[in-house]
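Observations on chain architecture
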Amino acid sequence: MPTVPNQNAKIMPAFPKLRLLSRSYNQPRPYRFPRPRFLNLGSSPTMMEFRALNVRKLCVICFAFFSVVLITMSVAEALSHCNSNSDGPVTPTNPLLIFLERVQGTALSTFGGSKFDPKLYVDMSLKFNLSTIEAAFDKLPRSSNGSVSIEDLNGFLGKYLRGAGDDMVYSEPVDFVPEPEGFLPKVKNPEVRAWALEVHALWKNLSRKVSNGVLKRPELYTLLPLPQPVIIPGSRFREVYYWDSYWVIRGLLASKMYETAKGIVTNLVHLIEEYGHVLNGARAYYTNRSQPPLLSAMIHAIYARTGDMQFVKKSLPALVKEHHFWSSGIHKVTIQDAQSCNHTLNRYYAKWNKPRPESSTIDKQTASKISNVSEKQNLYRELASTAESGWDFSTRWMRNHSDLTTLATTSILPVDLNAFILRMELDIAFLAKVTGEDSIAMTFSNASQARVKAIKSVLWNSKKGQWLDYWLSDHTCQEPQTWEASNQNQNVYASNFIPLWIESFYSDTPLVEKAMKSFQSSGLLHAFGIATSLKNSGEQWDFPNGWPPVQHMIVEGLTRSGSKEARSVAEDIAERWIRTNYAAYKKTGTMHEKYDVEKCGEFGGGGEYVPQTGFGWSNGVVLAFLDEFGWPQDRTIHC
């Protein structure tokens, strides 16, 4: 753990940096000035002078007035968050979710905790109006402790609710062919090629579209309507997910399924247009948070393969809107470095302070030993904010590595999040330039340069040769906070090397060499991939689990650096990862969400749900690796 001053203090959101007349927290649209209308009050001197003012001057006066109003509102908003995370913004829930959480709690009481998955119940949909079903639920016979018999509850579920997953239907991908022309040309080994074609065929298994029922009666479903078909991750993850989609798309591009890839982006852009940001996933219970922001990287990758300029032009406004979501308000923190220079970086911060509906029974159990209401709300926000990070859960976010209730994700400036936002800024600058939006390109080019300086000043540790998460220590509402070396988290996590994936860093040869040597001696690299951390905590984003996104970002960053040595290291990691994926597939007949990096062909475990199969991003990373490195005919695929 880093040394964090006053570790028991509650870390407050920073003052939002005001952007006049702009959207904040997905709140109402900016005020648009009406055309001035003047009353005819005769020819008094006062009115003659008033009329002499031109419209432009009047607008300046109006602008100044509303600037004062907005500044006052922003300060008031920031001050309202100074007491605790429980006072931060909260996205409203809806009656359907509240009811399904009641069903979830009753089901746990009735069926018991063995293999109980709370998400199952909030993914169910209604056969009739909510009021009718609630009335029937309230009439169920209950014992003295409030539980319902198994027979009665099963009868109720069958009569009134549709099963989880019934809100999505199979959709044949329009661009799937069993063996695309030019598929993985570098794969020469016939055994590996046959397996790669089987992985390619899994896209058909994972392809879905929103059912007509959702489109006609959305109030009966927690699934959100989407305009295009989706590729789901698999198993309990029955809907589209944000950051999973990047690696799904990388695999689809290797499979030459360009239209399917574009459809996924269209859906995510739709979510931005509806909610102001890409949701964690396309469910009503995910509206309170996002996930690692990789939409710009998806669009960039598709454009690089297809050259589709219209696709980029249609997507660009949504990217600018998403950048504002991440770079302002509660997500923004200013740090003053040792040279008294101010730097703006960002954090995860979910707009939620209750149990996550999809894990409500689990979160309530986690918080059961906390009696103070405000402290419970703080914990619930930290749980949701950690889910926003994608790393749910890991010792990376915990003050005490053996106690999940010490999560402090909102008190951390994460290395990977800020690398992702830097990538977003670089991508927007590039995409704006190729579409002729020079002003936008300049704005985001400048923003990327400022972020590079911020990451180097606040997160880079030259002695370790790693980028380190920074723990916030100032729990007042004063900005900027003063940088302190002791606030860098000295523990080793795979996220410490994610900036290698970003061009601003992989193009710096001396930096790559230093970071690569640090990575090689870090203890993260094992026989079958990169471990997420060195700590075996039982949480799924810790040792010995290796995750597909982590492997891909570090490997691709080293590959793109231009260093022969770095590419050799990258290819070695990719080989290890491909082998364990292959072995597990042959043993179990499926691809897995995560893998044990110590054992060939073993999938990962830990966390709050059983290991999942399918699996979208695992398929994508294997196909992307084979597309990049191939597999020689004389190289064995076996461990």
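If you're wondering where the values come from, they're calculated on a predicted model, not measured in any experiment. (Residues numbered from 1 in each chain as written. Predicted model: local features only at pLDDT ≥ 70, side-chain atom pairs only at ≥ 80, totals over all residues. Heavy atoms only, no water.)

Brief notes about the packing of helix 12 (residues 309–327) against helix 15 (residues 415–434)
Interaxial distance between helix 12 and helix 15 falls to 10 Å at its minimum, and their mutual angle equals 145°. The chirality of how helix 12 crosses helix 15 is left-handed. Mapping the contact onto sequence places M309, V312, L316, L319, V320, E322, H323 and W326 in helix 12 and L417, I421, M424, E425, I428, L431, A432 and V434 in helix 15. Considering only residue class, the contact of helix 12 with helix 15 consists of 13 nonpolar, 1 polar and 2 charged. (Axes fitted to C-alpha atoms, helices over the stretch in contact; angles between N-to-C directions. Helix = DSSP H or I, 4+ residues; strand = E, 2+ residues; numbered from the N terminus. Left-handed = near helix turned anticlockwise from the far one by under 90°. Contact = heavy atoms within 4.5 Å. Nonpolar A, V, L, I, M, F, W, Y, C, P; charged D, E, K, R; others polar.)

Things to note about the packing of helix 20 (residues 564–588) against helix 21 (residues 616–629)
The relative placement of two packed helices comes down to the angle between their axes together with the axis-to-axis distance. Viewed as axis vectors pointing N to C, helix 20 and helix 21 meet at an angle of 135°, and their least axial separation amounts to 10 Å. For the element pair helix 20 / helix 21, the angle class is oblique. Crossing of helix 20 against helix 21: the hand is left-handed. Here helix 20 contributes R567, A570, E571, A574, W577, I578 and N581 to the contact with helix 21, which in turn contributes S618, V621, V622, F625, L626, E628 and F629. Within the contact of helix 20 with helix 21, the residues separate by chemical class into 9 nonpolar, 2 polar and 3 charged. (Parallel < 35°, antiparallel > 145°, perpendicular 65-115°, else oblique.)

A short note on helix 9 (residues 244–254)
Counted residue by residue, helix 9 has 11 buried out of 11 residues, so it is predominantly covered. D244, S245, Y246, W247, V248, I249, R250, G251, L252, L253 and A254 are the residues of helix 9 that are buried. The positive-phi residue at the C-terminal boundary of helix 9 is K256, with phi of around 65°. (Buried < 20%, exposed > 50% of the residue type's maximum accessible area, 1.4 Å probe, protein only.)

Quick notes on the sheet that holds strand 6 (residues 332–336)
Judged by pairing direction, the sheet is mixed, and its 3 strands sit side by side in the order 7-6-12 without closing on themselves. Two strands bound the open sheet, and with one partner strand each, they are strand 7 (342–346) and strand 12 (481–482). In terms of strand pairing, strand 6 meets strand 7 through 5 bridges, oriented antiparallel. Counterpart to Q336 in the pairing with strand 7 is N342. Sitting on the sheet, helix 16 (residues 438–459) is in contact with strand 6 and strand 7, with an inclination near 90° to strand 7. (Pairing = 2+ DSSP bridges.)

Comments concerning the nonpolar core
Counting residues in hydrophobic clusters, the biggest one holds 174 residues, and the most contacted among them are F156 and L295. If one sorts the elements of this core by residue count, helix 15 sits on top with 11 residues. Beyond its immediate stretch of four places on either side in the chain, F156 contacts F99, I133, A136, F137, L140 and L161. (Core = buried A, V, L, I, M, F, W, Y, C linked by side-chain atoms within 4.5 Å.)

Brief notes about the sheet that holds strand 4 (residues 207–210)
Here 3 strands make up an open sheet; going across it, the order is 3-4-5 and the pairing antiparallel. Because the sheet does not close on itself, it has two edges, and the strands there are strand 3 (168–170) and strand 5 (230–231). Pairing of strand 3 with strand 4, which is carried by 3 bridges, proceeds in the antiparallel orientation. In the sheet register, M168 faces strand 4, and the bridge partner there is V210. Lying over the sheet, helix 7 (residues 190–205) contacts strand 3, strand 4 and strand 5, oriented at roughly 15° with respect to strand 4.

Quick look at helix 6 (residues 150–160)
Taken together, the buried positions of helix 6 are occupied by L153, F156, L157 and Y160. End-on view of helix 6: buried residues confined to an arc of 95°, all on one side of the axis. Facing away from the buried surface of helix 6 by more than 90 degrees, the exposed residues are E151 and K159. Check the buried side of helix 6 and you find it contacts helix 3 (95–111), helix 4 (119–122), strand 1 (125–126), helix 5 (130–138) and strand 2 (161–162). (Arc of directions from axis to C-beta.)

Things to note about the state of the cysteines
All told, the structure shown has 1 disulfide when counted by the stated rule. Covalently, C600 is tied to C639 through a disulfide, its sulfur atoms 1.4 Å apart. One end of the pair, C600, is in the loop between strand 16 (595–596) and helix 21; the other, C639, is in the segment after helix 21, with 39 residues separating them in the sequence. Residue classification places C600 among the partly exposed positions, given a relative accessible area of 21%. Under the relative-accessibility criterion, C639 is labelled exposed at 55%. (Disulfide = S-S within 2.5 Å.)

Structural notes on the pattern of salt bridges
According to the stated counting rule, one finds 31 salt bridges in the structure shown. Put simply, E556 and R250 hold a salt bridge, and the shortest N to O gap is 2.7 Å. Within this pair, whereas E556 is found in helix 19 (residues 548–560), its partner R250 is found in helix 9, the two being separated by 306 residues in sequence. Considered together, E556 and R250 belong to a single accessibility category, that of buried residues. Linking R576 and D572 is a salt bridge whose minimum nitrogen-to-oxygen distance equals 2.7 Å. In this pair, R576 and D572 are both assigned in helix 20, 4 residues apart and thus about one turn of the helix distant. (Salt bridge = Lys/Arg side-chain N within 4 Å of Asp/Glu carboxyl O.)

Observations regarding unusual backbone geometry
Omega for the peptide link from D392 to F393 comes to 10°, which places this bond in the cis form. Mapped onto the fold, F393 is located in the loop between helix 14 (373–389) and strand 8 (412–413). A cis amide bond links F543 with the next residue in sequence, P544, at an omega value of 5°. Relative to the helices and strands, P544 resides in the loop between strand 14 (529–530) and strand 15 (545–546). At K256, a residue that is not glycine, the phi angle is positive and equals roughly 65°. Tracing the chain through its elements places K256 in the loop between helix 9 and helix 10 (258–275).

Looking at the pairing of strand 4
Note that strand 4 and strand 5 share 2 bridges and pair antiparallel. Paired with R208 across the strands is V230, a residue of strand 5.

Considerations on the packing of aromatic side chains
All told, the structure shown has 31 aromatic pairs when counted by the stated rule. Between F420 and W501, the ring centres sit 6.3 Å apart and the planes meet at 85°, which makes this aromatic pair edge-to-face. Of the two residues, F420 sits in helix 15 while W501 sits in the loop between strand 12 and helix 17 (503–506), which places them 81 residues apart along the sequence. On the basis of relative accessible area, F420 is assigned to the buried category, the value being 1%. Looking at W501, the relative accessible area reads 1%, which means it is buried. Sitting above the plane of the F137 ring, R142 keeps its charged end 4.8 Å from the centroid. Over the aromatic face of W352 sits the side chain of K354, whose NZ or CZ is 4.8 Å from the ring centroid. (Phe/Tyr/Trp six-rings, centres within 6.5 Å; stacked < 30°, edge-to-face > 60°. Lys NZ or Arg CZ within 6 Å of the ring centre and 35° of its normal.)

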